[in-house]
Amino acid sequence: MWNDLVIVQIPIAEKILRTIAVYALILILFRLAGKRGLAGLNTFDMVVVFLLSNVVQNAIIGNDNSLVGGAIGAATLIAVNSGVTRRLARSPRAARWLEGTPTTVVRDGKLVPGALRGLSLRPSELEHAIRVQNGDNVSDVARARLEPDGQLLVTLKAAEQSATRGDVEELRQRLDVIERLLTTLAEKPKS
């Protein structure tokens, strides 16, 4: 029993290389699949993630069921992911290559032809994301851009944007001026 827990059953270097190779393969596959998201995974995406983890498990651990072997695989995954993340933070070129570039999906209240099809997004998903960001529909949007991480950035047309604190303060000041003028007018003797 203790032997199965602590004795690594394949060479450590092989386990590390297997983990790095599987990480790279999955990274490439997700990059080829394109940006998909709009703030979360849908049911189909979750099914793929669960099945994918099971499919690649043996490719990472090989013929090794030891605790130490699993810990080596996990540590390698964390280290490689940390290294990739740090590289992306320092290199815009690497980020563009691995993550891709933003895609404009709405311009001046109209869908950009072919953008949704190219991203495999349904109009209903886009409309929902626009409503979450205070738009009522696509026609309210000046520009919407799907970022490489799957987040949708929406800029509403000026007439559709909510009032800011500055807008409210400006109105309050104007109302104060009007109120003073009305008070002055009301206090003037009538001739």
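Residues numbered from 1 in each chain as written. Predicted model: local features only at pLDDT ≥ 70, side-chain atom pairs only at ≥ 80, totals over all residues. Heavy atoms only, no water.

It is at 5 Å that the axes of helix H4 (residues 67-90) and helix H5 (residues 92-99) come closest, and there the two elements cross at 120°. The orientation of H4 relative to H5 falls into the category oblique. Across the interface between the two elements, Val84, Arg87, Leu88 and Arg90 from H4 touch Pro92, Ala94, Ala95, Leu98 and Glu99 from H5. Of the residues assigned to the contact of H4 with H5, the class counts are six nonpolar, no polar and three charged. (Axes fitted to C-alpha atoms, helices over the stretch in contact; angles between N-to-C directions. Helix = DSSP H or I, 4+ residues; strand = E, 2+ residues; numbered from the N terminus. Parallel < 35°, antiparallel > 145°, perpendicular 65-115°, else oblique. Contact = heavy atoms within 4.5 Å. Nonpolar A, V, L, I, M, F, W, Y, C, P; charged D, E, K, R; others polar.)

A sheet is described by the order of its strands in space; here four strands give the open sequence E2-E1-E3-E4, paired in antiparallel fashion. Single-partner strands in this sheet number two, and they are strand E2 (110-111) and strand E4 (152-156). Against the sheet, helix H7 (residues 123-132) touches strand E1 (103-107), E2, strand E3 (141-146) and E4, its axis set at about 60° to E4. (Pairing = 2+ DSSP bridges.)

This brings us to the pattern of salt bridges. Pairing is possible between side chains of opposite charge, provided their charged atoms come close. Across all of its chains, the model carries seven salt bridges by this definition. Among the ionic pairs, Arg18 bridges to Glu14, the shortest N-O distance being 2.9 Å. Of the two residues, Arg18 and Glu14 both sit in helix H2 (residues 12-33), four residues apart, roughly one turn of that helix. Overall, the relative accessible area of 30% leaves Glu14 in the partly exposed class. Put simply, Lys15 and Asp64 hold a salt bridge, and the shortest N to O gap is 3.4 Å. Of this pair, Lys15 sits in helix H2 while Asp64 sits in the loop between helix H3 (43-61) and H4, and the two are 49 residues apart along the sequence. The same class applies to Lys15 as to Asp64, namely buried. Salt bridges here are not isolated pairs; linked through shared partners, they connect Glu169, Arg172 and Asp176. (Salt bridge = Lys/Arg side-chain N within 4 Å of Asp/Glu carboxyl O. Buried < 20%, exposed > 50% of the residue type's maximum accessible area, 1.4 Å probe, protein only.)

Looking now at the nonpolar core. Grouped together as the largest cluster of nonpolar side chains are 17 residues, with contacts concentrated most on Val105 and Leu152. Val80, Val84, Ala94 and Ala95 belong to the second largest nonpolar core, which has six residues in total. (Core = buried A, V, L, I, M, F, W, Y, C linked by side-chain atoms within 4.5 Å.)

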